[in-house]
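Chain residues, written in single-letter form:
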Amino acid sequence: MTEVKREVFGQMPQEEGGGVVEKFILKSDSVKVEILSLGCIISALEMKGRDGECSDVVLGFDTLEGYTRKHPFFGAVVGRVANRIAKGRFAVDGKEYQLFLNNGPNSLHGGARGFDKVLWSPQVLPNGICFFRLSPDGEEGYPGDLKVWVTYTLSGRELAINYRAQTSKTTPINLTNHAYFNLAGQGSRDIYDHEISIEADSYLPVDNTKIPTGEVAAVQGTGFDLRQPVKLGKHLQKFQLDGFDHNFCLPGPPPARHPPTGRAMEVHTTQPGIQFYTGNNLDGSLKGKGAIAYPKHSAFCLETQNWPDAINKPHFPNALLRPGEEYNHTTWLVFNTA
């Protein structure tokens, strides 16, 4: 059985509309998840280790104030298009669109005020919560009124996140959740003792602004070959990598494990890609829960999604949603103790 509770988390500043932000607590016998109506943010996720001790394994803030200031999308649903669009430009049916540039020369995670920074309308379900919003035509430069539903359901050790959308005009869309995990417990210094494996035979090399070059490269013989579990710290050292911020082209589910505590997480998805990000831009300047600083490599993200900049790469999976169609993708996070 899953228990669902709701409580007030805070109130948005007046300049942001002043709405009430609610927190929804989903609890099963093995996992507790807290989700905000602001940005559909996963603000806490508690799971047991092999010693039976519960730890919160996602980065975030204790109060609403942390989430209304600038932060790197902790726990949020990002959209209308997750990841980067080169030069913030794309064309649909011959019409050119220009988006706000918020990541060097590119547009990232929906623009200046994406899905992560807005209030969603909640509907409580027996085992979860469904959030809805209408992204109006022209919001952040995107075409079409887009209706979006994000549903979180908890069943035992499995958290499912379903994304659905319908549009009035053809639009690019790519939705994901940007939770930052540390299976040793949030606030732990690094993720070097985590084991990661991603069942992907290929990945997307990127240019120096992190836009895919267009090549779909084999992982064989490179530092991107994560088909067998690797210890993250040793692996980064061995291949002299500063960290990962790359899309892996998926057939299978990536598990992450933290051997010292026995905590493990598997990610399954209907999406064709997963962005594995190792918190390279965390620099200790942000203080999170319990006023703990979050340094570089203190968490990882496994963002299930379409391939980055797919709207500008005809040979990448389709990124467009047309009127009359439904965007429908699900990601399942399974939390285990090994």
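Starting afresh in each chain, residues are numbered from 1 along the sequence in its written order. Where totals are concerned, whole chains, interfaces and linings use all residues; where local detail is concerned, this predicted model gives features only for residues with pLDDT of at least 70, and gives and counts side-chain atom pairs only at 80 or more. Neither water nor hydrogens contribute to the side-chain values; these are computed over all heavy atoms in the structure.

If you check an unreviewed UniProt entry, the chain appears there as Aldose 1-epimerase from Buteo japonicus. UniProt lists a comment for the chain under the heading Subunit (unreviewed entry), and it reads "Monomer." UniProt positions are given in the numbering used here, feature names are shortened, and annotations may be inferred rather than shown by experiment.

A.B. asks: Help me get a handle on the UniProt feature "binding site: beta-D-galactose" (unreviewed entry) in the chain, residues and values and all.
C.D. replies: The sites that UniProt annotates as "binding site: beta-D-galactose" (unreviewed entry) are Asn83, Arg84, His178, Ala179, Tyr180 and Asp245. With respect to the element layout, Tyr180 can be found in the loop between strand 16 (176-177) and strand 17 (195-196). Any two residues having at least one pair of non-hydrogen atoms within 4.5 Å are treated as being in contact. Residues in contact with Tyr180, not counting those within four places in the same chain, are Val57, Val58, Leu59, Pro72, Phe73, Phe74, Tyr277, Leu282, Ala299, Phe300 and Cys301. Starting at the N terminus, helices and strands are each numbered in turn, a helix being any DSSP run of H or I of at least four residues and a strand any DSSP run of E of at least two. Here Asp245 lies in strand 21 (residues 245-249). Buried, partly exposed and exposed residues are distinguished by accessible area as a fraction of the type maximum, computed with a 1.4 Å probe on protein chains only: under 20%, between the cut-offs, and over 50%, respectively. Given a relative accessible area of 9%, Asp245 falls into the buried group.

A.B. asks: Residue-level account of the sheet that holds strand 13 (residues 146-155), with values.
C.D. replies: Across a sheet, paired strands are connected by hydrogen bonds in the backbone, their directions being either parallel or antiparallel. As summarised here, the arrangement of the 9 strands in space is 11-12-13-14-27-23-22-17-20, forming an open sheet in which the pairing is antiparallel. The two strands at the open ends of the sheet, each matched to only one other strand, are strand 11 (121-125) and strand 20 (230-231). With 8 bridges connecting them, strand 14 (residues 158-167) and strand 27 (residues 327-337) associate as antiparallel partners. Looking at the pairing, Leu159 lines up with Leu333 of strand 27. Here, a strand pair is defined by DSSP locating no fewer than two bridges between the strands.

A.B. asks: Any chance you could break down the side chain of His297 for me, citing the residues and the numbers?
C.D. replies: Its place among the elements puts His297 in the loop between strand 24 (273-277) and strand 25 (301-305). Polar contact criterion, stated in full: a pair of N or O atoms within 3.5 Å, where within protein one must be able to donate a hydrogen and the other to accept it, and residues adjacent in sequence count only if both atoms are side-chain atoms. In terms of polar contacts, His297 uses its side chain to reach the side chain of Tyr192, at 2.8 Å. Ignoring anything within four residues of it in the chain, the contact list for His297 reads Arg189, Asp190, Ile191, Tyr192, Leu236, Asp242, Gly243, Thr278, Gly279 and Asn280.

A.B. asks: Before we move on, can you summarise the pairing of strand 2 (residues 20-27) with the specific residues and values?
C.D. replies: Burial of strand 2 is extensive: 6 of the 8 residues sit out of reach of the surface. The pairing of strand 1 (residues 3-11) with strand 2 spans 8 bridges and is classified as antiparallel. Of the residues in strand 2, the one forming a bridge with Val8 is Glu22. Here strand 2 runs beside strand 3 (residues 31-36); their pairing, made up of 5 bridges, is antiparallel. Note on strand 3: the bridge partner recorded for Phe24 is Ile35. Counting the residues that bridge the hairpin from strand 2 to strand 3 gives 3 residues.

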